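Structural features, examined
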Amino acid sequence: DASKPLLIENHGNKIAFLGCNAGEPPEPYATDTQPGANPCIWTQFLAQINQVRQQGYLPIVTFQYKEGYSPMVMPWQKLDFERAAAAGAVIVSGSQSHVPLQMEFYQGTFIHYGLGNLFFDQMRYTLPNGSITDWTAREFIDRHIFYDGRYLGVELFTALLEDYARPRPMRAAERTKFLQTIFSLSQWSGE
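Residues numbered from 1 in each chain as written. Predicted model: local features only at pLDDT ≥ 70, side-chain atom pairs only at ≥ 80, totals over all residues. Heavy atoms only, no water.

1. Notes on the overall build of the protein
Regarding its fold elements, the protein presents 3 helices and 11 strands. Going residue by residue from the N terminus, the α and β elements of the protein occur as β-β-α-β-α-β-β-β-β-β-β-β-β-α. At 17 Å, the protein has a C-alpha radius of gyration in line with the 16 Å of a compact globule built from 191 residues. Once the C-alpha set of the protein is aligned to its principal axes, its extents read approximately 45 × 40 × 30 Å. Here the protein holds 191 residues, and the buried ones make up 42% of them. For the protein, contacts bridging at least 24 residues in sequence account for 54% of all contacts bridging at least 6. Carbon and sulfur atoms make up 55% of the accessible area of the protein, which totals about 10,500 Å². The centroid of the 15 positive side-chain charges in the protein is displaced by 6 Å from the centroid of its 19 negative side-chain charges. (Helix = DSSP H or I, 4+ residues; strand = E, 2+ residues; numbered from the N terminus. Rg over C-alpha atoms; globule rule 2.2 N^0.38 Å. Buried < 20%, exposed > 50% of the residue type's maximum accessible area, 1.4 Å probe, protein only. Contact = heavy atoms within 4.5 Å. Areas by Shrake-Rupley, 256 points an atom, 1.4 Å probe, with all protein chains shown as cover. Lys, Arg positive; Asp, Glu negative; His and termini not counted. Charge placed at Lys NZ, Arg CZ, Asp CG, Glu CD.)

Spelled out as structure tokens, the structure:
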């Protein structure tokens, strides 16, 4: 059941939700006798994305991926997210990242590699070099807009954690600085 797409039809929109866990360790994975996450079995997963797209659904793909603490996407993560886009996803989103990651448009697909922490108590993180970052307190909340069977785009909400797990909307200056940093890292192909 963990590997089954969730298919929803609402107001003329056919949306399919698919997700898998590419992180480690394997303990949270579903088995024949225990509930859990869907492991990323790539050939099967990419075929499912393509199949629901061929059935007229707009696939939204989410990944629990390997974690990192930089707003820059890892090269292997970029490859896997782009494979999901090439299989037919209209949105590919990472739910694993403790810091917000860059985004891009790839072959008409919106990819957001990581939204950052949401309702999580990690205000700061000590990097391997000993410096402390507060990027774990920054986050995106993406609102995706669908109309008449088409994906129209995304509205990016930005928030900052306060008091260990209470997000608040970023103030204008915080949002501007944050978005400028993320957009400067992002891959924009002119689509």
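2. A few points about the side chain of Asn13
Its place among the elements puts Asn13 in strand 2 (residues 13-21). The exposure class assigned to Asn13 is buried, which follows from its relative accessible area of 10%. Among the polar contacts listed, one links the side chain of Asn13 to the backbone nitrogen of Asp148, at a separation of 3.5 Å. When sequence neighbours within four positions are dropped, the list of residues in contact with Asn13 reads Ile8, Phe146, Tyr147, Asp148, Gly149 and Arg150. (Polar contact = N/O pair within 3.5 Å; in protein donor to acceptor, adjacent residues only side chain to side chain.)

3. Topic: the sheet that holds strand 2
With mixed pairing, the 6 strands of this open sheet are ordered in space as 1-2-3-4-6-5. Only two strands of the sheet have a single partner each, and these edge strands are strand 1 (6-10) and strand 5 (103-106). Neighbour to neighbour, the strand axes of the sheet diverge by 15 degrees on average, direction disregarded. The strands touched by helix 1 (residues 42-54) are strand 1, strand 2 and strand 3 (58-64); relative to strand 3, the strand with the most contacts, the crossing angle is about 155 degrees. (Pairing = 2+ DSSP bridges. Axes fitted to C-alpha atoms, helices over the stretch in contact; angles between N-to-C directions.)

4. Here's the deal with unusual backbone geometry
Non-glycine residue Gln107 carries a positive phi angle of around 50 degrees. Positionally, Gln107 belongs in the loop between strand 5 and strand 6 (109-112). Positive phi values are uncommon outside glycine, yet Asp148 reaches one of about 55 degrees.

5. Regarding the packing of helix 1 against helix 2 (residues 75-86)
Put simply, helix 1 and helix 2 touch, their axes get as near as 8 Å, and they point 40 degrees apart. Taken as axis vectors, helix 1 and helix 2 run oblique relative to one another. In this structure, helix 1 uses Trp42, Leu46 and Ile49 to contact helix 2, whose residues at the interface are Asp80, Arg83 and Ala84. Split into classes, the residues belonging to the contact of helix 1 with helix 2 amount to 4 nonpolar, no polar and 2 charged. (Parallel < 35°, antiparallel > 145°, perpendicular 65-115°, else oblique. Nonpolar A, V, L, I, M, F, W, Y, C, P; charged D, E, K, R; others polar.)

6. Remarks on the packing of aromatic side chains
Per the stated rule, a full pass over the model turns up 12 aromatic pairs. Ring plane angle 5 degrees and centroid distance 3.5 Å describe the contact between Tyr69 and Tyr125, whose orientation is recorded as stacked. Note that Tyr69 is positioned in the loop between strand 3 and helix 2 and Tyr125 in strand 7 (residues 125-126), a separation of 56 residues in sequence. For Tyr69, a relative accessible area of 22% corresponds to the partly exposed category. Given a relative accessible area of 25%, Tyr125 falls into the partly exposed group. Measuring from centroid to centroid gives 5.1 Å for Phe81 and Tyr113, while their planes differ by 35 degrees, and the two rings are tilted. (Phe/Tyr/Trp six-rings, centres within 6.5 Å; stacked < 30°, edge-to-face > 60°.)

7. Side note on helix 3 (residues 172-185)
Its 14 residues give helix 3 an end-to-end C-alpha distance of 20 Å, which sits within 8% of 20 Å, the value for a rise of 1.5 Å per residue. Considered for burial, the residues of helix 3 that qualify are Phe178, Leu179 and Ile182. Here the buried residues of helix 3 occupy an arc of 95 degrees about the axis, which is enough to place them on one side. The exposed set on the far side of helix 3, more than 90 degrees from its buried face, consists of Ala172, Ala173, Lys177, Gln180 and Ser184. Considering only its buried residues, helix 3 is in contact with strand 5, strand 9 (138-147) and strand 10 (150-162). (Expected span 1.5 Å × (residues − 1). Arc of directions from axis to C-beta.)

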